[in-house]
Amino acid sequence: MSEEKKRYSKKERKELKKPDAFVGGGRQLLAKLMSQPKRLLQLGVGLVVLGLAVYGYNTYKHMQLEASWLAYFEATQKPEAEKWQALEAFYGQGAKNRARFLAAVELADHHYEAASQPDATADKAKASTQAAAEWYGKALEYSGLVAAEEQLLRINVGAALEMQGLKQEALVEYQAAAKMDARSKAWALIQVGRVFESQEKPAEARQAYQQVVENHGTTEYGKMAKNYLRRLDSSLMKEIQL
């Protein structure tokens, strides 16, 4: 007798040969369907229709995405005077996909850069920063954002709001970005500290800078935070001396 047969008793081997509940149930269902060929045919037709519907939907979505990328590319290739209007039109018509998201980011960057130009008047700078904040906000509506993208967008929204003098609103965006565990966290914390400094809240500013030093001390951001801390200490010393 083989080792395998020795391992089990005669009764146990008999039990092992019995089909389990899943197999038994499957056989019963198959037998029932075979006894009702009309129902089996209906089931087969239903599965084919379902498969065709899924295939058709996936094909439609793929074609829609390709058309969207083509429209976005065509808008970006237009002359500078027409490009921004074309991107706005594309955003208004496009589906909610990554091409539409990139159009919003490109428009936001354009308005932010316009506000930063040395020759920009106060009214133009204000209008441009408002437009930048609006377009960055629209980019944030895209559901396919990864954490690093959302973090950078929130920092950019904060910068645009800060340029308008809306420091508290900007702080909210910087703090939201700083809470995210992505690669721009240190930069977001520096913005938080900087705004707190401008609001004459040195304790809160110090806390933000200290987080950067402790967690990113060897990076450029860490060096910046150390400089900000030294500046805070210097300001405090002057106040004490006065």
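Because the structure is a prediction, the values reported are computed rather than measured.

Draft legend 1. Geometry of unusual backbone geometry. Phi at Glu200 is positive, roughly 60°, even though this residue is not glycine. By relative accessible area, which is 70% here, Glu200 ends up exposed.

Draft legend 2. Fine view of the packing of helix H7 (residues 122-140) against helix H8 (residues 147-163). Across the interface, H7 lies against H8 with an axial gap of 8 Å and an inter-helix angle of 160°. When the axes of H7 and H8 are compared, the pair comes out roughly antiparallel. The chirality of how H7 crosses H8 is left-handed. Two secondary-structure elements touch here, H7 through Thr129, Ala132, Ala133, Tyr136, Gly137, Ala139 and Leu140 and H8 through Glu150, Leu153, Arg154, Asn156, Val157, Ala160, Leu161 and Met163. Here the contact of H7 with H8 is built from residues that sort into 10 nonpolar, 3 polar and 2 charged.

Draft legend 3. Structural view of the environment of Ala104. Mapped onto the elements of the fold, Ala104 is located in helix H6 (residues 98-115). On the basis of relative accessibility, which here comes to 0%, the residue Ala104 falls in the buried class. C-alpha of Ala104 to C-alpha of Glu134: the two residues are 30 residues apart in sequence and 9.2 Å apart in space. Dropping the residues within four chain positions of it, Ala104 is found in contact with Tyr91, Trp135, Lys138 and Ala139.

Draft legend 4. A look at H8. The terminal C-alpha atoms of H8, which comprises 17 residues, lie 25 Å apart, in line with the 24 Å expected from a rise of 1.5 Å per residue. Here H8 has its buried residues at Ala148, Gln151, Leu153, Ile155, Val157, Gly158, Ala159, Ala160, Leu161 and Glu162. On its buried side, H8 packs onto H6, H7, helix H9 (167-178) and helix H10 (185-198). Just beyond H8, the residue with positive phi is Gly165, at close to 85°.

Draft legend 5. Spatial organisation of the packing of aromatic side chains. This structure, assessed with the given rule, holds 6 aromatic pairs. Ring centres of Trp69 and Tyr72 lie 6.0 Å apart, and the angle between their planes is 80°; this geometry places the pair in the edge-to-face category. Of the two residues, Trp69 and Tyr72 both sit in helix H4 (residues 37-76), 3 residues apart, roughly one turn of that helix. Overall, the relative accessible area of 13% leaves Tyr72 in the buried class. Taken together, a centroid distance of 6.0 Å and an interplanar angle of 50° make the contact between Tyr72 and Phe90 tilted.

Draft legend 6. Quick peek at the packing of H6 against H8. Between H6 and H8, whose axes approach to 11 Å, the crossing angle comes to 30°. Our classification of the angle between H6 and H8 gives roughly parallel. As H6 runs across H8, the sense of the crossing is left-handed. Across from Arg98, Phe101, Val105, Tyr112 and Ala115 in H6, the residues of H8 making contact are Glu149, Leu153, Ala159, Ala160 and Met163. When the residues that make up the contact of H6 with H8 are grouped by side-chain class, the tally is 8 nonpolar, no polar and 2 charged.

Draft legend 7. How the structure looks around H9. Helix length check: H9 (12 residues) gives 16 Å between terminal C-alpha atoms against 16 Å at 1.5 Å per residue, within 8%. Every buried residue belonging to H9 is among Ala170, Leu171, Glu173, Tyr174, Ala177 and Ala178, and all of these are buried. The buried residues of H9 occupy one face: seen down the axis, they fall within an arc of 165°.

Draft legend 8. Examining the side chain of His111 more closely. Tracing the sequence through the fold places His111 in helix H6. Those residues in contact with His111 that sit more than four places away from it in its chain are Glu88, Ser128, Ala131, Ala132 and Trp135.

Draft legend 9. A look at the pattern of salt bridges. Summed over all chains, the structure comprises 9 salt bridges. For Glu197, the salt bridge goes to Arg231, with nearest N and O atoms at 2.7 Å. Here the residue Glu197 occupies a position in helix H10, and Arg231 occupies one in helix H12 (residues 220-241), the gap between them amounting to 34 residues. Under the relative-accessibility criterion, Arg231 is labelled partly exposed at 41%.

Parameters at a glance
Each chain has its residues counted from 1, running along the sequence as written. The model is predicted, so local features are restricted to residues of pLDDT at least 70 and side-chain atom pairs to those at 80 or more, both for listing and for counting; the totals for chains, interfaces and linings are taken over all residues. Note that the side-chain values use all heavy atoms of the structure and ignore hydrogens as well as water. Burial status follows relative accessibility: with a 1.4 Å probe on protein chains alone, a residue under 20% of its type maximum counts as buried, one over 50% as exposed, and anything between as partly exposed. Interaxial angles span 0 to 180 degrees and are taken between N-to-C directions of axes, which are lines fitted to C-alpha atoms, for helices over the stretch in contact. Put simply, DSSP marks the helices as runs of H or I at least four residues long and the strands as runs of E at least two long, and each gets a number from the N terminus on. Any angle from 65 to 115 degrees is called roughly perpendicular, while one under 35 is roughly parallel, one over 145 is roughly antiparallel, and all others are oblique. Crossing handedness is defined as follows: a turn of the near helix away from the far one that is anticlockwise and smaller than a right angle gives a left-handed crossing, while the clockwise case is right-handed. Any two residues having at least one pair of non-hydrogen atoms within 4.5 Å are treated as being in contact. When residues are grouped by polarity, Ala, Val, Leu, Ile, Met, Phe, Trp, Tyr, Cys and Pro land in nonpolar, Asp, Glu, Lys and Arg in charged, and all others, Gly among them, in polar. Working rule for helices: expected span equals 1.5 Å times residues minus one. Each pair of aromatic rings taken from Phe, Tyr and Trp, with Trp reduced to its six-membered ring, is defined by centres within 6.5 Å and is described as stacked if the planes are under 30 degrees apart, edge-to-face if over 60, and tilted in the remaining cases. Note that the arc is defined by the directions from the helix axis to the C-beta atoms. A carboxyl oxygen of Asp or Glu within 4 Å of a side-chain nitrogen of Lys or Arg is what we treat as a salt bridge.

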